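As a plain string of letters, each chain reads:
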Amino acid sequence: MKEWLRTLPKAELHLHIEGTLEPELMFELAARNGIRLAWQSVEALRAAYDFDSLQSFLDLYYRGMSVLCTQQDFFELAMAYFERAHDDGVVHVELSFDPQPHLERGVTLQTILAGLESACDEARRRFDISSALIMSFLRDRPAQEAMAVLEQAAPWYDRLAAVGLDSAEVGNPPEKFTAVFERARALGLARIAHAGEEGPADYISGALDALDVCRIDHGVRCLEDEALVARLHSEQIPLTVCPLSNVYLKVFERLESHCLPALLDNGLCVTLNSDDPAYFGGGMLANFMACHEAFGWDEDAFRELSRNALEAAFIDDQRRERLLAAIAAH
Ligand code: HPA
Ligand SMILES: [Zn+2]
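Residue numbers run consecutively from 1 along every chain, following the written order of its sequence. Whichever chain is written first becomes A and whichever ligand is written first becomes 1, with later ones labelled in order. Side-chain atom pairs in this predicted model are given and counted only at pLDDT of 80 or more, local residue features only at pLDDT of at least 70, and totals for whole chains, interfaces and linings cover all residues.

### Some remarks on the overall build of the protein
Strands are runs of DSSP state E lasting at least 2 residues, helices are runs of H or I lasting at least 4, and numbering of each runs from the N terminus. Along its length, the protein carries 16 helices and eight strands. All radius of gyration figures rest on C-alpha atoms, and the globule criterion is 2.2 Å times the number of residues raised to 0.38. For the protein, whose C-alpha radius of gyration is 18 Å, the value lies close to the compact-globule estimate of 20 Å for 330 residues. Once the C-alpha set of the protein is aligned to its principal axes, its extents read approximately 50 × 45 × 40 Å.

Written out as C-alpha cells, the structure is:
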C-alpha cells in the first residue's frame, strides 16, 4: 500500500512553507546568517518538539523561522521541501507564507517572494510540480497590520492565488478581519482561512460569512454544529485537514480518535495535508500512510481524497483534468 500511496498523484493545499524548515537547515542558515539559536544542537531542537497546544508550537515555529534572511534562504527552504514532496508523489502544492514575522525582522516581501517564486519555477522544471502561493495574515496581530501588508503586496497580486488567515485561533475570530478580506475580495484575490482547529465551529461559519472564504483550513470542529455540517455538505466547501498536525497539537489524542471518518460519512469535501511537516512527523506520504493504518482506508478512499484536493486546488483546468485522469487510472 505504501508504494501505491506514494505513486498516487497528490495535491497539497495546506502547507506553511516556514513549517517545512528541518532542524539541519535551520542550523545551517543560522550559522550562515550569524544568528544564535536558543538550542545547542539539532538533537536538542528536535527534543523541544513536544507540543501541548497550537500556541506551544507557534512559539517554536516563529523562533525557528528567524534564520530566514535572504532570497537564497527562502529558495533553499522551498527547494528542500519540493524535493521531499516529489519523493512523496506530490504533483501540486499550495504554499502559504507568513510575511509579518519576516517583515518585522527587516526581511522584505521582495526577498520572500523572489526566493519562493524561483523555487516554484525550478520545481516545475525539475519535478513537474505545479504550485501556487498563498499570503497568510496572523490573526493574533491587529487587523490594521494585515491591511498594511495587503497594500504592500500590490506588485504581486497577480502572482498570489489567495490570501489566508493563520496563527493563534482562540480569541481571534474571523470577524476581526472582515475589512481586510473585503479589500482582498475587491482586489480580485481568493480567500481561505484556518478555522475550527482549536477554535469553535462558530469560527468556521464566521469565516464563510464574514470573510467569504472558498476553503476552510482544518475545520475539524465543524461536527459540533449540525447546521454547519449541512451547509458544508451542500456547498461542498473543501476542508484541508491535517491528520498528523492535529495529533501533534493535541486536537485529537490519537489518530484513531480523529473525526476524519465522521467528516467523510457526512459527505464533506475532505482533503489530506501535512501543515508543518518538519514539526509534525512528516509530509504527505506519512499522513496518507498514518490514515491507512488508523482507519484501514482502501485505494478508493484515497483516490477520492486526492480527487477532492485537485478539485479544490488553484490550478489551471487543463492540468487539473490531466491529473484527475491520472488518479482515476492509478
Ligand atoms: O496549524 C497551524 N495553525 C495555525 N497557524 C499555523 N501556522 C503554522 N501552522 C499553523
Ligand atoms: Zn495550518
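### Brief notes about the site of ligand 1
For each residue, a C-beta atom is placed from the backbone, and the residue is labelled near a molecule or strand when this atom is within 6 Å of it. Near ligand 1, the surroundings consist of His 16, Gly 19, Leu 54, Tyr 61, Asp 166, Ser 167, His 194, Glu 197, Ser 245, Asp 275 and Asp 276. Partitioned by chemical class, the residues of the shell around ligand 1 number two nonpolar, five polar and four charged. Charged means Asp, Glu, Lys or Arg here, nonpolar means Ala, Val, Leu, Ile, Met, Phe, Trp, Tyr, Cys or Pro, and polar covers whatever is left, Gly included.

### Notes on the confidence of the model for the protein
Note on scores: pLDDT gives the predictor's confidence for each residue, bounded by 0 and 100. Per-residue confidence for the protein gives a mean pLDDT of 98, with 100% of residues at or over 70. In the predicted assembly, ipTM is 0.96 and pTM is 0.98.

### Details of the UniProt feature "binding site: substrate" (unreviewed entry) in the protein
UniProt positions are given in the numbering used here, feature names are shortened, and annotations may be inferred rather than shown by experiment. If you check UniProt for "binding site: substrate" (unreviewed entry), the listed places come out as Asp 276 in our numbering. Throughout, a pair of residues is in contact if the C-beta atoms placed from their backbones lie within 7 Å. Excluding its chain neighbours within four sequence positions, the residues that come into contact with Asp 276 are His 16, Gly 19, Tyr 61 and Ser 245.

### Concerning helix H9 (residues 178–186)
Three- or four-residue spacings in an α-helix give side chains the same orientation, since the helix completes a turn every 3.6 residues. Residues with at least 20 neighbouring C-beta atoms inside 10 Å of their own are called buried, those with 12 or fewer are called exposed, and the rest are partly exposed, where every C-beta is derived from the backbone. Within H9, burial applies to Val 180, Phe 181 and Ala 184. Buried positions in H9, seen along its axis, are confined to an arc of 90° and lie on one side of it. Residue Gly 188 follows H9 closely and has a positive phi angle near 85°. Throughout, the arc means the angular range of directions from the helix axis out to the C-beta atoms.

### Comments concerning unusual backbone geometry
With a phi angle near 50°, Asp 212 is a residue other than glycine that sits in the positive phi range. Here Asp 212 lies in the loop between helix H10 (201–210) and strand S6 (215–218). If you check the backbone angles, Lys 250 has positive phi at about 65° while not being a glycine. With respect to the element layout, Lys 250 can be found in the loop between helix H12 (243–248) and helix H13 (260–265).

### With respect to the pairing of strand S1 (residues 10–16)
In terms of burial, S1 is a largely internal element, seven of the seven residues being buried. Judged from the five bridges that link them, S1 and strand S2 (residues 90–97) form a sheet pairing that is parallel. The partner of Glu 12 across the bridge, within S2, is Val 93. We call two strands paired when DSSP finds no fewer than two bridges between them.

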